[in-house]
Amino acid sequence: MTHSGKNVITLHLDDYFKLPPAKNHEKRLADFEWIGPNEVRLDLLQKHIDCIAKKQKSTLEIPRMNWTTDKEESELVSTIKCDIILIEGTYSLMLERLDIAIFMEHSYLDTLENRLFRNREPLSEFSQKVLEREHEIIKKQKLKADIIINKNYTVSKNTH
């Protein structure tokens with residue numbers, strides 16, 4: 001994707017989960033402790049980021065989760081002209097060597113409201129517990145952020 005004359009590669013943390021969506025949900029139901037960064041192949045994502053940043057390969061095979069078929073697929077991405085790597089996702093601030101780290105300061109209730117608005121998944125008591133747990137993990141990442149965007153989309157520099 002090109003934005004303002006810059007070539008951008010976007011890596012979605014959701015594509016790096018160890019299990020496809022439905023299977024991951026089943027694992028969460030069976031083991032609530034599964035919820036968290038251990039669900040995600042952060043090591044593979046970090047490897048891909050480093051590979052793109054260091055221009056080690058001209059193409060890279062990136063995982064893509066197919067939510068319809070509940071299978072992991074892949075996409076071959078050209079890395080030759082990449083100017084910016086955008087990493088998006090819940091545990092992205094746990095990665096290393098980030099040039100600019102942005103933290104979206106929302107509560108799990110804001111996330112819940114957003115999910116309801118997008119009609120992402122059926123709302124359940126379990127979904128709310130998952131959001132609460134994820135929020136507890138995510139809020140600790142705020143310290144690593146350079147920029148904070150609050151609930152009203154006001155941008156500020158983190159003063160750690």
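The structure under discussion appears in the preceding block.
Residues numbered from 1 in each chain as written. Predicted model: local features only at pLDDT ≥ 70, side-chain atom pairs only at ≥ 80, totals over all residues. Heavy atoms only, no water.

**Comments concerning the pairing of strand β4 (residues 71-78)**
Turning to step 1, where the next piece is worked out: Relative to β4, strand β3 (residues 59-66) runs antiparallel, the two being bridged by eight bridges. Counterpart to arginine 64 in the pairing with β4 is glutamate 73.
Turning to step 2, where the next piece is worked out: Counting the residues in the hairpin turn of β3 and β4 gives four residues, including aspartate 70, whose phi is positive at 55°. (Pairing = 2+ DSSP bridges. Helix = DSSP H or I, 4+ residues; strand = E, 2+ residues; numbered from the N terminus.)

**A closer look at the nonpolar core**
Turning to step 1, where the next piece is worked out: In this structure, Leu11, Leu13, Val40 and Leu45 are the most contacted members of the largest nonpolar core, which totals 20 residues.
Turning to step 2, where the next piece is worked out: Taken together, the elements giving at least two residues each to this core come down to β2 (6-12), α2 (42-53) and β3.
Turning to step 3, where the next piece is worked out: The element that contributes the greatest number of residues to this core is α2, accounting for five residues.
Turning to step 4, where the next piece is worked out: Look past the residues within four positions of leucine 13 in its chain and what remains in contact with it is Val40, Leu42, Leu45, Glu88, Gly89, Thr90, Tyr91 and Ser92. (Core = buried A, V, L, I, M, F, W, Y, C linked by side-chain atoms within 4.5 Å. Buried < 20%, exposed > 50% of the residue type's maximum accessible area, 1.4 Å probe, protein only. Contact = heavy atoms within 4.5 Å.)

**Structural notes on the packing of helix α1 (residues 21-30) against helix α4 (residues 125-138)**
Turning to step 1, where the next piece is worked out: Close contact between α1 and α4 brings their axes to 12 Å; oriented N to C, the two are set at 85°. Classed by the angle they form, the pair α1 and α4 counts as roughly perpendicular. Here His25, Arg28 and Leu29 of α1 lie close against α4, whose contacting residues are Phe126, Val130 and Glu134.
Turning to step 2, where the next piece is worked out: Here the contact of α1 with α4 is built from residues that sort into three nonpolar, one polar and two charged. (Axes fitted to C-alpha atoms, helices over the stretch in contact; angles between N-to-C directions. Parallel < 35°, antiparallel > 145°, perpendicular 65-115°, else oblique. Nonpolar A, V, L, I, M, F, W, Y, C, P; charged D, E, K, R; others polar.)

**Let's talk about the sheet that holds strand β6 (residues 102-104)**
Turning to step 1, where the next piece is worked out: The strand order across the open sheet formed by three strands is β6-β7-β8, and the pairing between neighbours is mixed. Two strands bound the open sheet, and with one partner strand each, they are β6 and β8 (155-157). On average, each strand axis in the sheet is tilted by 25° relative to the strand beside it, whichever way the strands run.
Turning to step 2, where the next piece is worked out: Relative to strand β7 (residues 147-149), β6 runs parallel, the two being bridged by three bridges. The residue bridging phenylalanine 103 from the neighbouring strand is isoleucine 148, located in β7.

**Overview of the side chain of asparagine 66**
Turning to step 1, where the next piece is worked out: In this structure, asparagine 66 sits in strand β3.
Turning to step 2, where the next piece is worked out: The contact partners of asparagine 66, leaving out residues within four places of it in the chain, are Lys71 and Glu73.

**Focus on the pattern of salt bridges**
Turning to step 1, where the next piece is worked out: Summed over the entire model, instances satisfying the criterion amount to twelve salt bridges.
Turning to step 2, where the next piece is worked out: The closest approach of N and O atoms between glutamate 134 and arginine 28, which form a salt bridge, is 2.9 Å. Residue glutamate 134 is found in helix α4, and its partner arginine 28 is found in helix α1; the two are separated by 106 residues along the sequence.
Turning to step 3, where the next piece is worked out: You can call glutamate 134 buried: its relative accessible area is 9%.
Turning to step 4, where the next piece is worked out: Where glutamate 125 meets lysine 129, a salt bridge forms, and the shortest distance between an N and an O atom there is 3.6 Å. Residue glutamate 125 and its partner lysine 129 are located together in helix α4, separated by four residues, close to a single helical turn.
Turning to step 5, where the next piece is worked out: Assessed through its relative accessible area of 59%, glutamate 125 is described here as exposed. (Salt bridge = Lys/Arg side-chain N within 4 Å of Asp/Glu carboxyl O.)

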